[in-house]
Amino acid sequence: MSNSQFNDTDHPVGEATQLFVNASQVVTCAGPARARRGPEMNDAGVRSKAAVAVRDGLVAGVDTLGELRARFPDAHEIDCRRGVLMPGLVDSHTHGIFGRPRYDEQEMRAAGLDYMEIARRGGGIHSSVRDLRARSEDELFALARERLTRLATFGATTVEVKSGYGLTLADELKTLRVIARLSGALPLRIVPTFLGAHEIPLEYRESEATRRAYVELLVREMIPRVASERLARFADVFFETGVYTVDESRAILTAARGAGLLLKLHADELTSSGGAELAASLGATSADHLAAVSDEGIEALAHGSTVATLLPGTMLFLGKSTHAPARRLIEAGVPVALATDFNPGTSPTPNLPLVLTLGVSQLRMSVAEAVIAATVNGAAAVAMADRVGQIAPGFSADLALFAIEDVRELPYWYGDNRCIATFVAGKACHTSDLGLT
Ligand SMILES: [Zn+2]
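Summary of the structure given here. (Residues numbered from 1 in each chain as written. Predicted model: local features only at pLDDT ≥ 70, side-chain atom pairs only at ≥ 80, totals over all residues. Heavy atoms only, no water.)

Some details on the coordination of the zinc ion
Put simply, a metal with four donors set out as a tetrahedron has ideal angles of 109.5 degrees, and one with six donors set out as an octahedron has ideal angles of 90 or 180 degrees.
Item 1. Distances from the zinc ion to its protein donors, His-93 (NE2), His-95 (NE2) and His-266 (NE2), fall within 2.0 to 2.1 Å.
Item 2. Here the donor residues of the zinc ion are spaced in sequence according to H-x1-H-x170-H. With His-95 in the loop between strand 8 (89–91) and helix 2 (104–110) and His-266 in strand 12 (residues 262–267), the pair connects residues that are 171 residues apart, well separated along the chain. Here His-95 and His-266 have matching classes, each one buried. (Donors = N, O, S within 2.8 Å, 3.2 Å for Na, K, Ca; no water. Helix = DSSP H or I, 4+ residues; strand = E, 2+ residues; numbered from the N terminus. Buried < 20%, exposed > 50% of the residue type's maximum accessible area, 1.4 Å probe, protein only.)

Focus on the packing of helix 7 (residues 208–228) against helix 8 (residues 246–258)
Item 1. For the pair helix 7 and helix 8, the least separation of the axes is 9 Å and the interaxial angle reads 10°. As far as their axial angle goes, helix 8 and helix 7 are roughly parallel. Across the interface between the two elements, Arg-211, Val-215, Leu-218, Val-219 and Ile-223 from helix 7 touch Glu-248, Ala-251, Ile-252, Ala-255 and Ala-256 from helix 8. (Axes fitted to C-alpha atoms, helices over the stretch in contact; angles between N-to-C directions. Parallel < 35°, antiparallel > 145°, perpendicular 65-115°, else oblique. Contact = heavy atoms within 4.5 Å.)

Remarks on unusual backbone geometry
Item 1. Positive phi outside glycine occurs at Arg-82, with the angle close to 60°.
Item 2. A residue is classified by how much of its surface remains accessible, and Arg-82, at 44% relative accessible area, is partly exposed.
Item 3. Phi is positive for Ala-425, close to 50°, though the residue is something other than glycine.
Item 4. Tracing the sequence through the fold places Ala-425 in the loop between strand 17 (419–424) and strand 18 (427–431).

Comments concerning the pattern of salt bridges
Item 1. By the definition in use, this model includes 26 salt bridges.
Item 2. As a salt-bridge pair, Arg-100 and Asp-104 come within 3.6 Å of each other at their nearest N and O atoms.
Item 3. The exposure class of Arg-100 is partly exposed, given its relative accessible area of 32%.
Item 4. You can call Asp-104 partly exposed: its relative accessible area is 32%.
Item 5. Among the ionic pairs, Asp-138 bridges to Arg-181, the shortest N-O distance being 2.8 Å. You can see Asp-138 sitting in helix 5 (residues 137–153) and its partner Arg-181 sitting in helix 6 (residues 169–185), a full 43 residues away along the chain. (Salt bridge = Lys/Arg side-chain N within 4 Å of Asp/Glu carboxyl O.)

Listed below in structure tokens is the structure:
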């Protein structure tokens, strides 16, 4: 399927030729245009005396300032003020379209109720579903516009956004249309994912027959409609004990693949249920969460092309002490990405650098591994590793500038926002009041 609306030409490009000068470090992440594995993840390509040339929205060169000034004598120079210039961060897993924030559940959890218990009491995803169904497209657009802009202020330039709080044909289409409108209205790159299989809606939970009817609705009506209207690039399923079974997940994703969509899977978040194995066997682009992944699951991912997207912010916010086994995944050769899981129930943070902090402090990743996980491997998790995620000739000039002198400060000042500016295709996307001269 040709996804014409996802082409870079959607984005206005910056001034004809720009030189990004006076960075204390340029973190290029340069290398092959694919997910990085094992020791490859430990090289973020940190250069201390480099400038970056951008022409017509693409990186044209990474070299000494002298060399680039000679090649591009008429370029407009942008002073990086001794900050660290990186590829714009890629947040490859968010549920950014929702209505009411669910701060009330935080105290329920503190009082001892777990995620499944809150869901059984009609909270959790179902309360977001009721809420979203009652809201207009315009209302959801206004809320999401502000929220996704917050993600950009922390350095993200590409954000995957899922539907999944509608769970009817009309409400899922409404959500995906909001995502399409955001894609046109915000300078961010937005990757739309259809997650009609986020939950079994309450009205289909009476019996096995009604449950089957919802899966049929997904397979026969929703997926073909979403694909024919080109409203999503990916389809995703919440495969978890008590939500979608392995057979249902396989049926839904197989239908999605047949309709031309790429695949993602919420896998092994709370219980080890063969999610990683299923994602690998279907050739999914990513398997996400994996806090409870089994040894067999790690093995299956190591032999396939699926990116393991880890979401440690969710475990932190849920008060869990377990985390995805990032070290074992990396050592087995599985490409690992990090993302916020930005959503109203279990991870309401827009701060991807904070997730890098958790990657280092909780998942025991090196800073280079965490950086690769939120750039190149995040790009691979949204099937864009050929265009974004590295500062290298021919790649889109999607950049993030941070007010730090060393990239190791990015996860160090945890919770702080040091992002000065982001650029998408060389054009300023976000600038903070820390300012650029
Ligand atoms: Zn999720």
